Amino acid sequence: MEYRKSGIQELRKALDEGKVTSEELFETAKKLAKASQEVYNPFVTILEKFKQKRKAESILTGIPYALKDNLSTSNILTTASSNILKNYIPVYDATVYKKLKESGAVLVGKTVLDELAMGGTGTTGNTGIVRNPWDPQREIGGSSAGSACAVALGIVPFSLASDTGDSIRKPAAFGGIVGYKPTYGLLSRYGLFAFASSLDHVGCFTRSVEDAAIVTNLIKGKDPHDMTTFNSEKMDLISHLKEDIQGRKLFYIKEIVEEEYEDETSKAILENFFETIEIIKKAGFIVEGVSIDKYLLEAIYPTYMAISCAEATSNNANLTGIQFGVRGEGKTVDEIMFSARTKGFSELIKRRFVLGSYILQKENQEKLYLNACRIRRLLVERLTELFQKYDGLLLPCSGGIAPTFDEATDQLSDRYLLLENHMALGNFGGFPSITLPCGLIKGCPIGINLTSAVKADELLLNMAYKIEEQLPYKGQIGGDLDV
Ligand code: GLN
């Protein structure tokens, strides 16, 4: 068994056959995690001591994993990669962490994110940039940069993260791995630091669709601490994986993939996309192009920004350094908060809070916030209507390969306006959405994204499994680690 390349099932088998112990797996993962820090920097915290719930008996018992550092872990530093929380040790567990603990899975570390999960480059965390295992001169994308990197490097077979606009699905593409954001409410958000509550999802990174199903199946469920969760007892994400998909109908959005793009990488991405479609058609899928009003599509990114910044400004108003986090200086409460927030947040965060405050100002609300909500509704209605006719929406994950660090930016780019930003649709509607590796361009991985109707997670994973079967990228890892 080669640890770095092993998925959950292989590790389970090795554990059950007594070929390895869970302590040994933890020690291997820890060593790899430490070795990865110098070049790739995926971790905020690497745990020193092996800790596993006694008497646990589940498919994940003894399996090492990592958590994005915006998921609350009692007695373990949880910083959201922000200076304002760099000393914060929570007193409670996120529900998904609690469930993993009970399952006997073994936490190896907490991973770097773009500060407070805002941004998409993996460059704004307060402990430094995260590098792409496939090419350390390039970003792995964000915000879940460290969680993606740890799985892409083969340090852990799975990690958990959050996705508000594309934060799991974009870094999965750049890291050549699977990134799955289930239906809104399938996984509890209790203990996830809220960024934009109506768009935030918990999800996972793995190196196969089956592993994503295994992890999610174990941690899903209604949670009294999160009123948006629903009862999913009847949903079994594993037993449908191998079902026949003959005649399943997928669509792509013509306005996104039939555009003329100037640069070579975008052209190569689209070429790969249509080749992939041909491959999966042979496996039995029907794939058709569908039109959606381009003005509406071009509004995805501004709509996402308006809603997410508004919600983020309100959600993060609790980060004052008064009750928890790094305390500011000053004589009055206002001065203390002012100093904590001035020093505690980076430029990107401040820019988004300024935008959010502007959008929420009484005189702007109708024009900015409520219009964004209306556009969101129009987009969700159009997709919901299409999901009555089709089983899924298939699109490339991005307009390019992972950018180099000089190219990395969080500015709105009209070059890739549609190709780069459509994944927020999955968050607008709470639709389940998964990224799979589908090729390499200039040695860098690219991904394909599949999105389905709300609560159609079983079908989504079934179709993703069948697509994965047709492609040669399952289980791949990138980068060298010297241990
Ligand atoms: N990249 C997007 C942003 O900048 C999405 C972030 C996310 O999903 N957390 O906000």
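We now turn to the structure provided with this report.

## Focus on the overall build of the chain
Okay, so step 1: Summing up its helical and strand segments, the chain has 16 helices and 13 strands in all.
Okay, so step 2: For 483 residues, the compact-globule estimate of 2.2 N^0.38 gives 23 Å, and the chain sits close to it at 21 Å.
Okay, so step 3: With the principal axes as the frame, the chain shows a C-alpha extent of 70 × 65 × 45 Å.
Okay, so step 4: Among the 483 residues that make up the chain, the fraction classed as buried is 62%.
Okay, so step 5: Long-range pairs, those at least 24 residues apart, make up 76% of the contacts in the chain with a sequence separation of at least 6.
Okay, so step 6: Roughly 19,400 Å² of accessible area belongs to the chain as shown, and the carbon and sulfur atoms make up 50% of that amount.
Okay, so step 7: Each charge class in the chain can be summarised by its mean position, and for the 56 positive and 62 negative side chains these summaries are 5 Å apart.

## Some points on the site of the ligand
Okay, so step 1: As a matter of local geometry, the ligand sits amid A117, G119, G120, S143, D163, T164, G165, D166, S167, F195, Y304 and R352.
Okay, so step 2: A distance of 2.6 Å separates an oxygen atom of the ligand from a polar atom in the side chain of Y304.
Okay, so step 3: With respect to the ligand, the side chain of R352 contributes an N or O atom lying 2.7 Å from an oxygen atom.
Okay, so step 4: In the complex, 93% of the free accessible area of the ligand, which totals 290 Å², lies under the protein chains.
Okay, so step 5: A class-by-class count of the residues in the shell around the ligand yields 3 nonpolar, 6 polar and 3 charged.

## Considerations on the pattern of salt bridges
When their charged atoms lie close together, side chains carrying opposite charge are able to pair.
Okay, so step 1: Tallying each qualifying case throughout the model produces 21 salt bridges.
Okay, so step 2: Two residues, E259 and K294, come together in a salt bridge whose shortest N-O distance is 3.0 Å. Of this pair, E259 sits in the loop between helix 7 (254-257) and helix 8 (264-282) while K294 sits in helix 9 (residues 294-298); the two residues are 35 residues apart in sequence, bridging distant segments of the chain.
Okay, so step 3: Taking relative accessible area as the criterion, E259 reaches 32% and is therefore assigned partly exposed.
Okay, so step 4: With relative accessibility at 30%, the residue K294 sits in the partly exposed group.

## Observations regarding the side chain of D391
Okay, so step 1: Along the chain, the position of D391 falls in the loop between helix 13 (362-389) and strand 11 (392-396).
Okay, so step 2: Look at D391 and you get buried, because its relative accessible area is 17%.
Okay, so step 3: Beyond its immediate stretch of four places on either side in the chain, D391 contacts R248, K249, L250, T451, S452, L459 and M463.

## Observations regarding unusual backbone geometry
Okay, so step 1: The peptide bond linking G142 to S143 adopts the cis configuration, its omega dihedral lying at 5°.
Okay, so step 2: With respect to the helices, strands and loops of the structure, S143 is situated in the loop between strand 5 (135-139) and helix 4 (145-152).
Okay, so step 3: The backbone of A80 sits at a positive phi, close to 55°, despite the residue not being glycine.
Okay, so step 4: Within the secondary structure, A80 is located in the loop between strand 2 (64-68) and helix 3 (95-103).
Okay, so step 5: Since its relative accessible area comes to 0%, A80 is described here as buried.
Okay, so step 6: Residue K442 is not a glycine yet carries a positive backbone phi of 50°.
Okay, so step 7: Secondary-structure assignment places K442 in the loop between strand 12 (433-441) and strand 13 (444-451).

## Let's talk about the side chain of R12
Okay, so step 1: Within the secondary structure, R12 sits in helix 1 (residues 8-16).
Okay, so step 2: Overall, R12 belongs to the buried group, its relative accessible area being 14%.
Okay, so step 3: Other than its neighbours up to four places away in sequence, R12 contacts S58, I59, L60, T61 and I63.

## Notes on the environment of G221
Okay, so step 1: Tracing the sequence through the fold places G221 in the loop between helix 6 (209-219) and strand 9 (249-253).
Okay, so step 2: Owing to a relative accessible area of 12%, G221 belongs among the buried residues under this scheme.
Okay, so step 3: Once the C-alpha coordinates of G221 and L187 are considered, the two residues, 34 residues apart in sequence, prove to be 6.3 Å apart.
Okay, so step 4: Ignoring any residue separated from it by four or fewer positions in sequence, one finds G221 in contact with K99, L186, T229, F230 and S232.

## Comments concerning the sheet that holds strand 13
Okay, so step 1: Taking strand neighbours across the sheet as the criterion, the 11 strands line up as 1-3-2-6-8-7-12-13-11-9-10 in an open arrangement whose pairing is mixed. Both edges of this open sheet fall to strand 1 (43-46) and strand 10 (286-290), since each of them pairs with a single strand only. Each strand axis lies, on average, 30° off the axis of its neighbour in the sheet, ignoring direction.
Okay, so step 2: By the bridge criterion, 2 bridges tie strand 9 to strand 11 in an arrangement that is parallel. Bridging across to strand 11, L250 finds its partner in G392.
Okay, so step 3: Strand contacts of helix 2 (residues 22-37): strand 1, strand 2 and strand 3 (106-111), with the helix running at about 140° to strand 1, the strand carrying the most contacts.
Okay, so step 4: Across the sheet, helix 4 lies against strand 1, strand 2, strand 3, strand 6 (158-163) and strand 8 (201-206), angled at about 155° from strand 6, the strand it touches most.

## Regarding the packing of aromatic side chains
Okay, so step 1: A full pass over the atoms with the stated rule returns 12 aromatic pairs.
Okay, so step 2: Taken together, a centroid distance of 5.0 Å and an interplanar angle of 45° make the contact between F251 and Y390 tilted. Taken together, the positions of F251 in strand 9 and Y390 in the loop between helix 13 and strand 11 put the pair 139 residues apart, joining distant regions of the chain.
Okay, so step 3: Centre to centre, the rings of Y252 and F273 are 5.9 Å apart; their planes meet at 85°, and the pair counts as edge-to-face. Here F273 lies in helix 8 and Y252 lies in strand 9, a separation of 21 residues in the sequence. Neither residue differs from the other here; Y252 and F273 are each classed as buried.
Okay, so step 4: What links up through ring pairs into an aromatic cluster is the set F251, F387, Y390 and F431.
Okay, so step 5: Here K249 stacks its cationic end above the ring of Y390, 5.4 Å away from the centre of that ring.
Okay, so step 6: Here K455 stacks its cationic end above the ring of F230, 4.3 Å away from the centre of that ring.

Conventions adopted
Residues numbered from 1 in each chain as written. Predicted model: local features only at pLDDT ≥ 70, side-chain atom pairs only at ≥ 80, totals over all residues. Heavy atoms only, no water. Helix = DSSP H or I, 4+ residues; strand = E, 2+ residues; numbered from the N terminus. Rg over C-alpha atoms; globule rule 2.2 N^0.38 Å. Buried < 20%, exposed > 50% of the residue type's maximum accessible area, 1.4 Å probe, protein only. Contact = heavy atoms within 4.5 Å. Areas by Shrake-Rupley, 256 points an atom, 1.4 Å probe, with all protein chains shown as cover. Lys, Arg positive; Asp, Glu negative; His and termini not counted. Charge placed at Lys NZ, Arg CZ, Asp CG, Glu CD. Near = heavy atom within 4 Å. Polar contact = N/O pair within 3.5 Å; in protein donor to acceptor, adjacent residues only side chain to side chain. Nonpolar A, V, L, I, M, F, W, Y, C, P; charged D, E, K, R; others polar. Salt bridge = Lys/Arg side-chain N within 4 Å of Asp/Glu carboxyl O. Pairing = 2+ DSSP bridges. Axes fitted to C-alpha atoms, helices over the stretch in contact; angles between N-to-C directions. Phe/Tyr/Trp six-rings, centres within 6.5 Å; stacked < 30°, edge-to-face > 60°. Lys NZ or Arg CZ within 6 Å of the ring centre and 35° of its normal.

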